[in-house]
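Secondary and tertiary structure notes
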Amino acid sequence: MARRRTGPTEVVKALVHDRDGGACVRCGTRQDLTIHHRVNRGMGGAREPWINQAHNLLTACTTCNGWFEDNPRESYEAGWKVRRPQLPGEVLVRYADGSEYELTPDGVRSTTVAAAR
Ligand SMILES: [Zn+2]
């Protein structure tokens, strides 16, 4: 079997960047941006098709990307990280504007009523 790169495609990266307004989801900066996986890859995770789909990916600056790993409790609360067996489409994400959004695999971000949680 051919080995494949385990990251998202360029198309998906562009989709995520546009969905997030080209800004870090936590601090809103537009500099030093990277792609953050909400559910980490690893332990065979890259074989799960949703790992590299838009709802599992966030635009984050390199500082916040490191912060997520150092602050897992707050990151899970805000939906910046998702803990298995929860799926990324089931957990709302808090953005830098303070709103929480539901993400879909095709790169759509929709607001939901927080009280409905
Ligand atoms: Zn940031």
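Above this note sits the structure.
An account of the accompanying structure is given in this report. Keep in mind that this is a model prediction, so the values were computed, not measured.

1. Remarks on the pairing of strand β2 (residues 57-61)
The buried fraction of β2 amounts to five of the five residues, a majority that puts the element mostly inside the structure. The alternating pattern of β2 places L57, T59 and C61 and L58 and A60 on opposite faces, both of which are buried.

2. Quick look at the nonpolar core
In this structure, C24, V25, L58, A60, C64, W80 and V93 are the most contacted members of the largest nonpolar core, which totals 14 residues. Element by element, the count of residues in this core is highest for β2, at four residues. In contact with L58, other than residues within four places in its own chain, are D20, V25, H36, R38, W80 and V93.

3. Re the sheet that holds strand β5 (residues 109-111)
Ordered by their spatial adjacency, three strands build an open sheet running β3-β4-β5, and the pairing between neighbours is antiparallel. The open sheet has two free edges, formed respectively by β3 (93-94) and β5, since each of these has just one partner strand. By the bridge criterion, three bridges tie strand β4 (residues 100-103) to β5 in an arrangement that is antiparallel. Paired with L103 across the two strands is R109, which belongs to β5.

Cut-offs and rules
- Residues numbered from 1 in each chain as written.
- Predicted model: local features only at pLDDT ≥ 70, side-chain atom pairs only at ≥ 80, totals over all residues.
- Buried ≥ 20, exposed ≤ 12 C-beta atoms within 10 Å, placed from the backbone.
- Helix = DSSP H or I, 4+ residues; strand = E, 2+ residues; numbered from the N terminus.
- Core = buried A, V, L, I, M, F, W, Y, C linked by C-beta atoms within 7 Å.
- Contact = placed C-beta atoms within 7 Å.
- Pairing = 2+ DSSP bridges.

As far as function goes, none of this settles anything; it's purely spatial.
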